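Survey of secondary and tertiary structure
Each chain is listed here by its residues.
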Amino acid sequence: MRSALLDHVGRLTDDDLPAYVYDLSGLREHVDRIRAALPDSVQLLYAAKANSDSRVLRTLAGRVDGFEVASGGELRHVRAVAPEVPIAFGGPGKTETELASALQAGVERLHVESEHELRLVTVVLGDGLVDVLLRVNVPVHLGQVALAMGGRPSPFGMDPAQLDRCLEVIAADPRLRLRGLHVHLASGLGAQAQLELVDEVLAWAGHWAHERGISLAEVNVGGGMGVDYADPLQVFDWSAFGAGLKPLMARHPHLTLRVEPGRSVTAYCGWYVTQVLDIKSSRGQTFAVLRGGTHHLRTPAAKQHDQPFEVIPDETWRRPWTRPEARDEPVTLVGQLCTPKDVLARRITVERLRVGDRVAFAMAGAYAWNISHHAFLMHPHPTFHHIDEAETSAAPGTYARPLS
Ligand SMILES: *Cc1c(COP(=O)(O)O)cnc(C)c1O
């Protein structure tokens, strides 16, 4: 944890915990690096569903070319928080009301999921115009990926045969402007695998358009750039990805490529900070019970991984009995929920972990608080903190540095 964050955490009382701490300075640096790594012909959108925290969105606004939203709720929220940012509206199962408000709000792109949805658009469009990308489930082969949205039977996007039916609808309605195709097939790919997928998708799209005499202006290849929860330092290689895109784009000189990552943009800026309430041994295994749990940070339950963490030792123990602790042994970190599924990290060897120590879970900036079932058991919500070194002058912390 960076010292400015650690200082802030040091000033939090126990009752401020659990706390979500967002490193806005780190986020700013990270997204600027992503932007700088991408060729100019590539546009960068942020998929707001990864984390729609207002200050996170405001930090990203102006540093990306737009936000991708996937519901009427996200659309309203993003418009309120960052009115100037271009919006692409995607996602399955758009209602007529959502489509109408998206068109009224003047979304920059509409990502259409089916022929029926396209026909609904024609009903609510009035005398406006809309720029459309058709989302296609491109017949590519995907190997082992964290999450597959396509390349197999899927509720997302449409089969190539449906695209042709959409072309008929578009040809008959001058208010619909086809700009190109949208593809979001998988999550969790490394830079090399992502490049191979983009290559395959662009070749398919070029062939498809050529056969139909269409000039494609744009292909949005989605998000899914991998992050490694087992190794927070193993960040997606944006430089290699950007460098690899250059020769690819040279083969499609009139095409604008769009990417719309979510997780790989915001995962690293968020920390879920909490505290050890109890430590016990059960039939040979050690458990640490923490304030909060997966009702605040569902990510490890949803993805079935161990959330990486740092221990922030606390030296204020004042009870007259021996402080419960684990030492050089595997510990399972669980939350306060009455379910065996409330596990944040399983059998991780710690040098020392004591009741009262604080635990800062890393990579909690994407699909974390906003995907969590926080009404379950009615524990208090976490507090939220945004650290921006451009505006705060951090005072010295009262807590020691983490174990090295
Ligand atoms: C979720 C989603 C994204 C972002 O995916 P990440 O894995 O967070 O990068 C992008 N595009 C679409 C259509 C999505 O559904």
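Keep in mind that what you see is a predicted model, and the values were worked out from it rather than measured.

Side note on the overall build of the chain
Looking only at helices and strands, the chain features 11 helices and 18 strands. Taken along its principal axes, the extent of the C-alpha atoms in the chain is 80 × 40 × 40 Å. Of all 404 residues assigned to the chain, the portion counted as buried reaches 53%. The contacts of the chain with a sequence gap of at least 6 include a subset with a gap of at least 24, amounting to 74%.

Some points on the confidence of the model for the chain
Considering every residue of the chain, the mean pLDDT works out to 93; 96% of them sit at 70 or more. Contacts for the low-pLDDT stretch residues 393-404, under 50 throughout, to residues beyond four places or in other chains number 32 contacts.

Here we look at the site of the ligand
Around the ligand there are 14 residues in total, and Lys-49, Ser-187, Glu-260, Arg-263 and Tyr-367 lie nearest to it. Separating an oxygen atom of the ligand from a side-chain N or O atom of Lys-49 is a distance of 2.8 Å. The side chain of Tyr-367 places a nitrogen or oxygen atom 2.6 Å from an oxygen atom of the ligand. The protein chains hide 91% of the 390 Å² of surface that the ligand would expose on its own. Among the detected pockets, the ligand sits in the largest pocket.

Overview of the sheet that holds strand β5 (residues 109-112)
Strand order in the closed barrel made by the 8 strands is β2-β3-β4-β5-β6-β8-β10-β11, with parallel pairing throughout. Across the sheet, the axes of successive neighbouring strands diverge by a mean angle of 30°, strand direction being ignored. With respect to the sheet, helix α6 (residues 115-124) is in contact with β5, β6 (130-135) and β8 (176-182), its orientation differing from that of β5 by roughly 140°.

Concerning helix α8 (residues 191-212)
For α8, built from 22 residues, the straight-helix expectation of 32 Å at 1.5 Å per residue is met to within 8% by its first-to-last C-alpha distance of 31 Å. Turning to α8, its buried residues are Ala-191, Gln-194, Leu-195, Leu-197, Val-198, Val-201, Leu-202, Trp-204, Ala-205, Trp-208 and Ala-209. Considering only its buried residues, α8 is in contact with α7 (160-171), β8, β10 (218-220), α9 (238-250) and β11 (256-259). Gly-213 lies just past α8 and shows a positive phi near 65°.

What to know about the pattern of salt bridges
In the structure shown here, the tally under the stated rule is 26 salt bridges. Here Arg-2 makes a salt bridge to Glu-389, at a shortest N to O gap of 2.6 Å. Linking Arg-2 in the segment before α1 (3-10) with Glu-389 in the segment after β18 (383-387), this pair joins segments that are 387 residues apart in sequence. Judged by its relative accessible area of 41%, Glu-389 is partly exposed. A salt bridge links Asp-357 to Arg-354, with the shortest nitrogen-to-oxygen separation between them at 3.0 Å. Look at the salt bridges and you will find they share partners, linking Glu-108, Arg-109, Arg-179, Glu-218 and Arg-258 into a network.

What counts as what
- Residues numbered from 1 in each chain as written.
- Predicted model: local features only at pLDDT ≥ 70, side-chain atom pairs only at ≥ 80, totals over all residues.
- Heavy atoms only, no water.
- Helix = DSSP H or I, 4+ residues; strand = E, 2+ residues; numbered from the N terminus.
- Buried < 20%, exposed > 50% of the residue type's maximum accessible area, 1.4 Å probe, protein only.
- Contact = heavy atoms within 4.5 Å.
- pLDDT = per-residue confidence, 0-100.
- Near = heavy atom within 4 Å.
- Polar contact = N/O pair within 3.5 Å; in protein donor to acceptor, adjacent residues only side chain to side chain.
- Areas by Shrake-Rupley, 256 points an atom, 1.4 Å probe, with all protein chains shown as cover.
- 1 Å grid on protein atoms, 1.4 Å probe; cavity = no way out; pocket = protein on both sides within 12 Å on 5 of 7 lines; lining within 4 Å.
- Sits in = over half its atoms within 2 Å of the grid points.
- Pairing = 2+ DSSP bridges.
- Axes fitted to C-alpha atoms, helices over the stretch in contact; angles between N-to-C directions.
- Expected span 1.5 Å × (residues − 1).
- Salt bridge = Lys/Arg side-chain N within 4 Å of Asp/Glu carboxyl O.

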